[in-house]
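# Geometric and topological summary
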Amino acid sequence: DWEAQHVITVGYSNADFRNIDDALNAVAINGWIQVLIDVAPGIYPAGMLLIPPGVHVRGSGMNATEIQGVVHIIGHLSKVKISSPVSSILEGNASYCYFDCPVSAGDALGNTTISNCVFRDSGPGGSLTLLQTGRMSDCVINIGVTGEGTWSIKNCEINSRMALQIMSSPMTQY
């Protein structure tokens, strides 16, 4: 099982850092791996966040911790809300997240896992694009879904149109 070697806190008081960007920069500068970044409740403006492999950014709940900006997830993200007019990219793992933005998800190795997440876009033209391979379970999807590749979709509530392009491998929903 995964266990953090380093724990960093982000918050407006009594924390190691006041923003997520600085916490991620500290991880890169120190060359740390297996890092847990615990984020206190609040709204955190960000430009472009890259969550690298071996890093888990964990908020205090999808209704308590909000990241405003584009997020590229290769590591793990949990218990946050992401809001942005621009697409976020999900190549790693997300659990108990609320995505209020367009999202492109999937990777060639099938490492993308999404569970217990909500997808919605309050802006025009929002969509969830499932590419390559991945797994999704117990999610609520309130935006248009398109995709190609091999995806396992289990126990998801899809409240919008779903356009699947069958390419070399079919997408499946259970």
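Summarised in this report is the structure supplied together with it. Computed from a prediction, not measured in an experiment: that's the story for all the values here.

Attention shifts here to the overall build of the chain. The number of helices and strands found in the chain is 1 helix and 19 strands. Scored against the burial criterion, the 174 residues of the chain give a buried share of 45%. At a minimum sequence separation of 6, the contacts of the chain that also span at least 24 residues come to 23%.

A few words now on the packing of aromatic side chains. Applying the stated criterion across every chain yields a total of 2 aromatic pairs. A centroid spacing of 5.1 Å and a plane angle of 5 degrees characterise the contact between tyrosine 12 and tyrosine 44, whose relative ring orientation is stacked. Residue tyrosine 12 is located in the loop between strand S1 (6–10) and helix H1 (20–30), and its partner tyrosine 44 is located in strand S3 (residues 42–51); the two are separated by 32 residues in the primary sequence. According to the relative accessible area criterion, tyrosine 12 is partly exposed, its value standing at 40%. Residue tyrosine 44 is classed as buried on the basis of its relative accessible area, which comes to 2%.

Further remarks concern the state of the cysteines. What we call a disulfide is simply a covalent bond connecting the sulfur atoms of a pair of cysteines. Within this structure, the stated rule accounts for 0 disulfides. Cysteine 117 takes part in no disulfide bond, and the closest cysteine sulfur, belonging to cysteine 97, lies 4.6 Å away.

Another aspect to go through is the pattern of salt bridges. Per the stated rule, a full pass over the model turns up 2 salt bridges. Between aspartate 38 and arginine 58 there is a salt bridge, and its shortest N-O distance comes to 2.7 Å. Linking aspartate 38 in strand S2 (residues 35–39) with arginine 58 in strand S4 (residues 55–58), this pair joins segments that are 20 residues apart in sequence. By relative accessible area, which is 27% here, arginine 58 ends up partly exposed.

Okay, unusual backbone geometry next. Phi is positive for aspartate 138, which is not a glycine, with a value near 55 degrees. In this fold, aspartate 138 is placed in the loop between strand S14 (127–137) and strand S15 (140–141). A positive phi is found at asparagine 155, a non-glycine position, where the angle reads about 55 degrees. Positionally, asparagine 155 belongs in the loop between strand S16 (144–154) and strand S17 (157–158).

Here we come to the nonpolar core. Within the largest apolar cluster, 41 residues are counted, with the highest numbers of intra-cluster contacts made by Ile37, Phe99, Phe119 and Met136. Aside from chain neighbours lying at most four places away, what touches methionine 136 is Ile114, Phe119, Leu128, Leu130, Ile141, Trp151, Ser152, Ile153, Lys154 and Cys156.

Mapped onto the secondary structure, threonine 129 falls in strand S14. When residues no more than four places from it in sequence are discounted, the contact partners of threonine 129 are Val103, Ser104, Ala105 and Thr146.

Looking at the element boundaries, isoleucine 33 is found in the loop between H1 and S2. With 20 residues separating them in the primary sequence, isoleucine 33 and proline 53 have C-alpha atoms 8.1 Å apart. For isoleucine 33, the residues in contact, after removing those within four places along its chain, are Gln5, His6 and Gly54.

How each quantity is defined
Residues numbered from 1 in each chain as written. Predicted model: local features only at pLDDT ≥ 70, side-chain atom pairs only at ≥ 80, totals over all residues. Heavy atoms only, no water. Helix = DSSP H or I, 4+ residues; strand = E, 2+ residues; numbered from the N terminus. Buried < 20%, exposed > 50% of the residue type's maximum accessible area, 1.4 Å probe, protein only. Contact = heavy atoms within 4.5 Å. Phe/Tyr/Trp six-rings, centres within 6.5 Å; stacked < 30°, edge-to-face > 60°. Disulfide = S-S within 2.5 Å. Salt bridge = Lys/Arg side-chain N within 4 Å of Asp/Glu carboxyl O. Core = buried A, V, L, I, M, F, W, Y, C linked by side-chain atoms within 4.5 Å.

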